[in-house]
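# Observations on the three-dimensional arrangement
As a plain string of letters, each chain reads:
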Number of protein chains: 2
Amino acid sequence: MDSTAASESAPALPGGAAHVGPRVRALRTERGMSLSELARRASVGKATLSGLEAGTRNPTLDTLHAVAAALGVALTALVVGGGSPRIRGAAVDMELLRVFDDGPATYELYRMRIPAGAEQASPAHHPGVTEHATVFAGELQAGQLDAPGVAGPGAYLEWAADAPHGYAAVGPEDVHASLLIRYPT
Amino acid sequence: MDSTAASESAPALPGGAAHVGPRVRALRTERGMSLSELARRASVGKATLSGLEAGTRNPTLDTLHAVAAALGVALTALVVGGGSPRIRGAAVDMELLRVFDDGPATYELYRMRIPAGAEQASPAHHPGVTEHATVFAGELQAGQLDAPGVAGPGAYLEWAADAPHGYAAVGPEDVHASLLIRYPT
DNA sequence: CCCGACCGTTCCGTTTACGGAACGCCAGCG
DNA sequence: CGCTGGCGTTCCGTAAACGGAACGGTCGGG
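These notes cover the structure that comes with them. (Residues numbered from 1 in each chain as written. Chains lettered and ligands numbered in written order. Predicted model: local features only at pLDDT ≥ 70, side-chain atom pairs only at ≥ 80, totals over all residues. Heavy atoms only, no water.)

## A short note on the packing of helix α2 (residues 35–42) of chain A against helix α3 (residues 46–54) of chain A
Residue and element names in this part refer to chain A. Packing of α2 against α3 leaves a shortest axis separation of 9 Å and a crossing angle of 115 degrees. α3 is crossed by α2, and the crossing has right-handed handedness. Of the residues in α3, those in contact with Leu-35, Ser-36, Leu-38 and Ala-39 of α2 are Lys-46, Leu-49, Ser-50 and Glu-53. When the residues that make up the contact of α2 with α3 are grouped by side-chain class, the tally is four nonpolar, two polar and two charged. (Axes fitted to C-alpha atoms, helices over the stretch in contact; angles between N-to-C directions. Helix = DSSP H or I, 4+ residues; strand = E, 2+ residues; numbered from the N terminus. Left-handed = near helix turned anticlockwise from the far one by under 90°. Contact = heavy atoms within 4.5 Å. Nonpolar A, V, L, I, M, F, W, Y, C, P; charged D, E, K, R; others polar.)

## A few points about the sheet that holds strand β7 (residues 147–151) of chain B
Residue and element names in this part refer to chain B. Pairing is antiparallel in the open sheet, where four strands are placed in the order β4-β9-β6-β7. Looking at which strands have only one partner, the edges of the open sheet turn out to be β4 (119–122) and β7. For this sheet, the mean angle separating the axes of adjacent strands, direction not counted, is 15 degrees. Two strands pair when backbone bridges link them, and β4 and strand β9 (residues 165–169) are joined in this way by four bridges, in the antiparallel orientation. Paired with Glu-119 across the strands is Ala-168, a residue of β9. (Pairing = 2+ DSSP bridges.)

## Considering the protein's contact with DNA strand D
Close to DNA strand D lie 19 residues, the nearest being A:Thr48, A:Thr63, B:Ser34, B:Leu35 and B:Ser50. The sugar and phosphate moieties of DNA strand D supply 67% of its atoms located within 4 Å of the protein. A:Gly45 is positioned such that a nitrogen or oxygen atom in its backbone is 2.9 Å from a phosphate oxygen of DNA strand D. Here B:Lys46 contributes a side-chain N or O atom positioned 3.3 Å from a base nitrogen of DNA strand D. Of all elements in the fold, only α3 of chain A together with α1 (17–30), α2 (35–42) and α3 (46–54) of chain B reach the threshold of two or more residues within the surface near DNA strand D. (Near = heavy atom within 4 Å. Polar contact = N/O pair within 3.5 Å; in protein donor to acceptor, adjacent residues only side chain to side chain.)

## Here we look at the pattern of salt bridges
Residues and elements named next belong to chain A. Applying the stated criterion across every chain yields a total of eight salt bridges over all chains. Measuring nitrogen to oxygen at the nearest pair gives 3.6 Å for the salt bridge that ties Arg-31 to Glu-30. Looking at Arg-31, the relative accessible area reads 32%, which means it is partly exposed. The network of salt bridges with shared partners includes Arg-25, Arg-28 and Glu-53. (Salt bridge = Lys/Arg side-chain N within 4 Å of Asp/Glu carboxyl O. Buried < 20%, exposed > 50% of the residue type's maximum accessible area, 1.4 Å probe, protein only.)

## Some words on the protein's contact with DNA strand C
As a matter of local geometry, DNA strand C sits amid 19 residues, with A:Ser34, A:Leu35, A:Ser50, B:Thr48 and B:Thr63 nearest to it. Contacts to DNA strand C include A:Lys46, whose side-chain N or O atom sits 3.4 Å from a base oxygen. Within the backbone of B:Gly45, an N or O atom sits 2.9 Å from a phosphate oxygen of DNA strand C. Every element with two or more residues in the surface near DNA strand C is listed here: α1 (17–30), α2 and α3 of chain A together with α3 of chain B. In terms of residue class, the surface near DNA strand C is built from five nonpolar, nine polar and five charged.

## Regarding α2(B)
Residue and element names in this part refer to chain B. For α2, every residue scored as buried is listed here: Leu-35, Leu-38, Ala-39 and Ala-42. Across the axial projection of α2, the buried residues extend over an arc of 100 degrees, all falling on one side. Among the residues trailing α2, Ser-43 stands out with phi positive, at a value near 60 degrees. (Arc of directions from axis to C-beta.)

## A few points about helix α4 (residues 61–71) of chain B
Residues and elements named next belong to chain B. The buried fraction of α4 is high, at eight of eleven residues. All of the buried residues along α4 are Leu-61, Thr-63, Leu-64, His-65, Val-67, Ala-68, Ala-70 and Leu-71. Of the residues one or two after α4, Gly-72 is the one with positive phi, at around 75 degrees.

The following block contains the structure:
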């Protein structure tokens, strides 16, 4: 397992401060907000925010929380995939975002990425399992191997996963999508 | 549920260090691990961990990350719900899980809950905005006010959100669903 | 042309989170 | 019994994250 973990103070920690900085800066500029304004709204010092975005500081939970709230996003939105379980196949790179288990079924919500032109097959899962994808970017071909569907940005696709199935990025762009896997109880 | 969410304020510090402490302690004892052992594995001081679990400290991102790694969980598992912007309407309770902004559009992914029997309307959003729901539990009726769709567990529903639309839990159970809102650029 | 407003960075004194080393406590054991 | 080893908490000096106040740079208006 991994518990030979990053115990050291190596600055190259997977989800370390170096990664959250650019993320904050992106969310801020996306909203057309200046650093000073965000600092004001979050009630943190400009120095704090500047250092945070530059990755030269190691922010406290309070600081992160204040910034996330001022940006209107969940704290988890600032912590890019750092430490999220990641499943990397031949072509498909999936990151488990969340598990919902309080319904009559269990749902796993993934973010999926497939490089342009790549494809990958997956063996059958347990009976009754279905997969649901919403495409953000690119052209996704997915579903039963003999009868796949195709979906572009904004489109939705679903298929039974209790038979061999596959995923492919058929267009010239990388595919970005959300994938929801439903496991009936 | 407009995007003009409550950016400012954050009256008291919700989801602050007080919430992550018990969470860490739960995950640790769940694994039958002693405080000293976790501190050793995470390469943090026992004092740090003790104060963190007690909620008397305001841990840094490095500390949180080291502890999460030593517990073998994603950092997000330590801060679940804590500080997620929650949009609570008349009937619909939504929690923003994640924002995707690297495609040709921006996506906001929510978890949605509607008490059984309740309903709520939403005004039109900007042109081109669409909403996509996947139902986990209950019976969701949603879409254009004059032509809503209905979806049960495992089913999918989408509609244009640039016109007034609504959500309702029409069955005898609460509705749990994921809602993806797509904002074209 | 100068001036004021705002931007993002840097400097600085204060606050505080950090790890190490105590402490008291409770088993297990010779 | 005392001795030993591990537990969780507390104390303490140091390192660093914090907010406030500078700084230089860029606009836009008078």
